[in-house]
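# Inside the fold
Residues per chain, in single letters:
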Amino acid sequence: MADSVTLTSGEVRRRLAVVRDRIAAAGGDPDMITVVAVTKGHDPNVVEAAVAAGCADVGESYAQEMAAKVAALDVDARWHFIGRLQRRRVRSVAGHVHLWHSVDRPELAAEIARRSPGAEILVQVNPSAEPDKGGCAPGDVAGLVARAGDEGLVVRGLMSVGVDGDDDRTRRVFEATTRLADELGLVERSMGMSADLEIAVASGATMVRVGTDLVGSRGEGGGAR
Ligand SMILES: *Cc1c(COP(=O)(O)O)cnc(C)c1O
């Protein structure tokens, strides 16, 4: 791993201020929009640097990696699980996840309910029908929300991922996500990453998931000290 760059909490703090400025410039209220610092692929000490910088919410994409970080660290963070999730991996992180963002099928909801009764989740929707993204079809969202509720889960909102390099389609994905959430009376919309943060905020995001622009790209400066 390239570690010529040392990521300090001061540097993360500076980058967080830039992200908050970007949220404001896009018409959002930085005090109302949760910034989830995505630390996947980074060493545990990057999580420590982010938390010390004021990032109370951290996001991880891989269950094994998150479980290892939880075990290695004693940090006061809310862990968000944002990645595609295999049912058999749910158990390894179940006690530690504050919010599951990527619930996209009934079997996954059932397993989360079994391992973490009453957990808070988002349903991931894939309005662009992009393959390899995860997320259920818009027409399946209402059914999955109802099913998750029947399982005793608390559905807080919806999550979606934009279309790489295509602002117009990304905007349509995020607007569709907000529309669906409104129709279902769901408050949270987890949308937007480093590259499409502004589009997400303008489209009604209540949570953004920012990795690269907060803690660097994976392998760029993973070695925080
Ligand atoms: C990696 C990832 C992010 C963060 O992406 P950046 O471009 O590094 O900001 C956000 N959401 C999901 C689902 C991710 O996998």
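Relevant structure appears above.
Source: prediction; values computed, not measured.

### Looking at the nonpolar core
Membership of the largest hydrophobic core comes to 36 residues, with the highest contact counts inside it found for Trp100, Ile112, Ile121 and Val123. Membership of the second largest hydrophobic core comes to 27 residues, among which are Ala49, Ile199, Val208 and Leu214.

### Side note on the environment of Arg89
Along the polypeptide, Arg89 turns up in the loop between strand S3 (78-81) and helix H4 (90-93). Residue class for Arg89 comes out partly exposed when judged on its relative accessible area of 24%. Each C-alpha atom, one on Arg89 and one on Gly216, is 27 Å from the other, the two residues being 127 residues apart in sequence. Beyond its immediate stretch of four places on either side in the chain, Arg89 contacts Ala63 and Gln64.

### Details of the site of the ligand
Taken together, the residues surrounding the ligand are Val38, Lys40, Ser61, Ile82, Met193, Ser194, Arg209, Val210, Gly211, Thr212 and Arg218. Between the ligand and Ser194 there is a distance of 2.5 Å, counted from an oxygen atom to a side-chain nitrogen or oxygen. Interatomic distance of 2.6 Å between a side-chain N/O atom of Thr212 and an oxygen atom of the ligand. Expressed as a share of its isolated accessible area of 390 Å², the protein-covered part of the ligand is 85%. Because more than half of its atoms lie within 2 Å of the grid, the ligand is assigned to the largest pocket.

Cut-offs applied
Per chain, residues are indexed from 1 in the order of the written sequence. Selection of residues for local features in this predicted model requires a pLDDT of at least 70, selection of side-chain atom pairs for listing and counting requires 80 or more, and totals for whole chains, interfaces and linings are taken over all residues. Think of the side-chain values as coming from all heavy atoms in the structure, minus any hydrogens and water. Definition of nonpolar core: a set of buried residues of the types Ala, Val, Leu, Ile, Met, Phe, Trp, Tyr and Cys, connected through side-chain atoms within 4.5 Å. Exposure classes here rest on a 1.4 Å probe applied to the protein chains alone. A residue is buried below 20% of its type maximum, exposed above 50%, and partly exposed in between. What counts as a helix is a DSSP run of H or I of at least four residues, what counts as a strand is a run of E of at least two, and both are numbered from the N terminus. The contact definition used throughout considers only heavy atoms, calling two residues in contact when any of these lie within 4.5 Å. One heavy atom suffices: a residue is near a molecule or strand as soon as one of its heavy atoms comes within 4 Å of it. Here a polar contact is taken to be a pair of N or O atoms separated by no more than 3.5 Å, where protein atoms must pair a possible hydrogen donor with a possible acceptor and residues adjacent in sequence count only if both atoms sit in side chains. Only the protein chains shown count as covering a residue, and every accessible area follows the Shrake-Rupley method with a 1.4 Å probe. Two kinds of site are reported from a 1 Å grid over the protein atoms alone, namely cavities, where a 1.4 Å probe fits but cannot get out, and pockets, open sets with protein on both sides within 12 Å along at least five of seven lines, and residues are called lining when an atom falls within 4 Å of a point. Any molecule with more than half of its atoms within 2 Å of a cavity's or pocket's grid points is regarded as sitting in that cavity or pocket.

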